[in-house]
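# Geometric and topological summary
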Amino acid sequence: MSLFIFLVLIVYTIIIGTMIIGFEKVEEIKLQEDSKRLKFTIVIPFRNESENLPLLLASLDRIAYPNSLFEVILVNDDSDDNSIEIIKGFKEKSKINLMVLENERLSSSPKKDAIDKGIQEAKNEWIITTDADCIVQIYWLDAINTYILSSKKEFIIAPVSISPTKSILERFQALETLILQAITMGSYGLKNPLLSNGANLIYNKSLFHLLKGFEGNNDVASGDDIFLLQKVSERNKNLIGYLKTNKATVFTKAEQSLEELFSQKKRWLKKMGVKSNLLSLALGIIIILMNFTLLTFLVFALLEPTYIKLLLQIAVVKFGVDFLLLFKSARFFKQEKLLFSFWWISLVYPFYLFVVLFSSYFGPYKWKGRKFSA
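Here the structure is a predicted model, which means the values were calculated and not measured. (Residues numbered from 1 in each chain as written. Predicted model: local features only at pLDDT ≥ 70, side-chain atom pairs only at ≥ 80, totals over all residues. Heavy atoms only, no water.)

Our focus in this paragraph is the overall build of the chain. What the chain contains, in helices and strands, is 12 helices and 12 strands. By the compact-globule yardstick of 21 Å for 374 residues, the chain fits well, its C-alpha radius of gyration being 21 Å. With the C-alpha coordinates of the chain rotated into their principal frame, the extents come out at 70 × 45 × 40 Å. Counting the 374 residues in the chain, one finds 54% classified as buried. Sequence-distant contacts in the chain: of pairs separated by 6 or more residues, those separated by 24 or more amount to 84%. Here the chain displays about 17600 Å² of accessible surface, and carbon together with sulfur accounts for 60% of that area. Seen as two clouds, the 45 positive and the 38 negative side-chain charges of the chain have centres 4 Å apart. (Helix = DSSP H or I, 4+ residues; strand = E, 2+ residues; numbered from the N terminus. Rg over C-alpha atoms; globule rule 2.2 N^0.38 Å. Buried < 20%, exposed > 50% of the residue type's maximum accessible area, 1.4 Å probe, protein only. Contact = heavy atoms within 4.5 Å. Areas by Shrake-Rupley, 256 points an atom, 1.4 Å probe, with all protein chains shown as cover. Lys, Arg positive; Asp, Glu negative; His and termini not counted. Charge placed at Lys NZ, Arg CZ, Asp CG, Glu CD.)

This is the structure we're talking about:
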């Protein structure tokens, strides 16, 4: 057993350490006054988002990019609240080019159907996806434009952060997101991008059609981001870029209850478990093994005090490398204050992971008022 624990700890430390190295390898871009400006289509699926749409629409209205060079396509996925009325009221006052489409359910994945519908109607070559519970920044499109022109990438992963972070539950999710973003950026820096987030994703429409869009994974309700990333990776990893600048960060809301949070994680685990590549699967396994090792030795220590020293040694190594990676991410996203919550969240996380994994194998999950089994 001691050899197994040692190997898990060594492998975990090496993996997190390489993620830190990869994170540092990704160059941060600076906005420029580009002589050329591309045209963009922003596609946003929504369902019953009356609470969030006013903030999203207001942020889109503040974008500094010329209104003539971008359009917004909102795809209504069978909302039964007053989302449409909110959009109509906004459209009467705003000068941005905005249209609303009705989703056509063609598969088991309503979100992928909605994005596909928006892309079909898009007038521009560059597609940007985000979510209805997000807020974008004033120079969002300028940053995207600068990066595309300088990098020549065709599939671009961009940063996502959780805001606000007032409650304990929000801080917990914000720190978890910082770690996921660090892994996203770190794996890209190592030339093996593993994660992407549909709340801030940019790609060329021709590439999307060349890859036949979401064909082959429409049986999974979510995964519009990760499965598309996998398709691009299999074709040519050199087409993938990471837009590293705070100006391009999209802010999203945390889930407001434990039930919503567990449903979200079950949804993520379903997509990761169904069609993960070997690298992401290996990463997931070693993270699970490391956290379960902590739980196991906590039980041992409660039963036999001689295990306390070994438990503390394992915890110090794990929490140490976790903190280094988290620090890099928190500094980039300017969320250093969240680091004060790191220690108690680190203690809670193994239990949380166990509950999420255990519950993911039992029954369907809820998402946007619907039930899904995959």
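Looking now at a nonpolar patch on the surface. Among the surface-exposed residues, Leu3, Phe6, Leu7, Ile10 and Ile14 lie close enough to one another that they form a single nonpolar patch of about 510 Å² accessible area. Topologically, Ile14 is positioned in helix α1 (residues 2–25). (Patch = residues over 30% accessible without salt bridge, like charges linked within 9 Å, V, L, I, M, F, W, Y side chains within 5 Å. Salt bridge = Lys/Arg side-chain N within 4 Å of Asp/Glu carboxyl O.)

Here we take up helix α6 (residues 168–189). When the terminal C-alpha atoms of α6 are compared, their 31 Å separation across 22 residues agrees well with the 32 Å that a helix rising 1.5 Å per residue should span. Burial analysis of α6 places 18 of its 22 residues in the buried class, the great majority of the element. Downstream of α6 by one or two residues, Lys191 has phi in the positive range, about 65°. (Expected span 1.5 Å × (residues − 1).)

Residues of strand β4 (residues 126–129) alternate between two faces, with Trp126 and Ile128 on one and Ile127 and Thr129 on the opposite face, all of them buried. In terms of strand pairing, strand β1 (residues 40–46) meets β4 through four bridges, oriented parallel. In the sheet register, Val43 faces β4, and the bridge partner there is Thr129. As paired strands, β4 and strand β8 (residues 201–204) are joined by four bridges and run antiparallel to one another. Paired with Ile128 across the bridge in β8 is Ile202. (Pairing = 2+ DSSP bridges.)

Right, let's talk about the packing of aromatic side chains for a bit. Counted under the stated rule, the structure contains 19 aromatic pairs. Both rings, one in Phe323 and one in Trp343, keep their centres 5.8 Å apart while their planes meet at 10°; by these two values the pair is stacked. With Phe323 in helix α11 (residues 308–332) and Trp343 in helix α12 (residues 342–360), this residue pair connects regions lying 20 residues apart in the sequence. Given a relative accessible area of 25%, Phe323 falls into the partly exposed group. The structure contains a cluster of three or more aromatic residues connected by ring pairs, namely Phe155, Tyr203, Phe208 and Phe214. (Phe/Tyr/Trp six-rings, centres within 6.5 Å; stacked < 30°, edge-to-face > 60°.)

Empty space within the second largest pocket amounts to approximately 370 Å³. Along the wall of the second largest pocket there are 17 residues; nearest its centre are Tyr147, Lys153, Tyr188, Lys191 and Ile240. If you list the elements that add at least two residues to the lining of the second largest pocket, you get α5 (140–151), α6 and β9 (240–242). Its residues placed into classes, the lining of the second largest pocket shows seven nonpolar, four polar and six charged. (1 Å grid on protein atoms, 1.4 Å probe; cavity = no way out; pocket = protein on both sides within 12 Å on 5 of 7 lines; lining within 4 Å. Points joined across faces, edges and corners; volume = space filled by probe spheres on them. Nonpolar A, V, L, I, M, F, W, Y, C, P; charged D, E, K, R; others polar.)

Now for unusual backbone geometry. The omega torsion of the bond from Ser163 to Pro164 falls at 0°, within 30 degrees of zero and hence cis. By the element assignment, Pro164 lies in the loop between β7 (160–162) and α6. The backbone of Asn48 shows a phi angle near 50°, a positive value even though the residue is not glycine. With respect to the helices and strands, Asn48 occurs in the loop between β1 and α2 (53–61).

Across the 10 residues that make up helix α8 (residues 226–235), a large majority, eight, are buried. Those residues of α8 that sit buried are Ile226, Phe227, Leu228, Leu229, Gln230, Lys231, Val232 and Ser233.

Following the criterion strictly, the structure yields 10 salt bridges and no others. The closest approach of N and O atoms between Arg47 and Asp78, which form a salt bridge, is 4.0 Å. With Arg47 in the loop between β1 and α2 and Asp78 in the loop between β2 (70–76) and α3 (83–93), this residue pair connects regions lying 31 residues apart in the sequence. Classification of Arg47 by relative accessible area gives buried; the value is 11%. Given a relative accessible area of 53%, Asp78 falls into the exposed group. For the salt bridge of Lys318 with Asp322, the shortest nitrogen-to-oxygen distance reads 2.6 Å. Separated by four residues within a single helix, Lys318 and Asp322 lie in helix α11, roughly one turn from each other.

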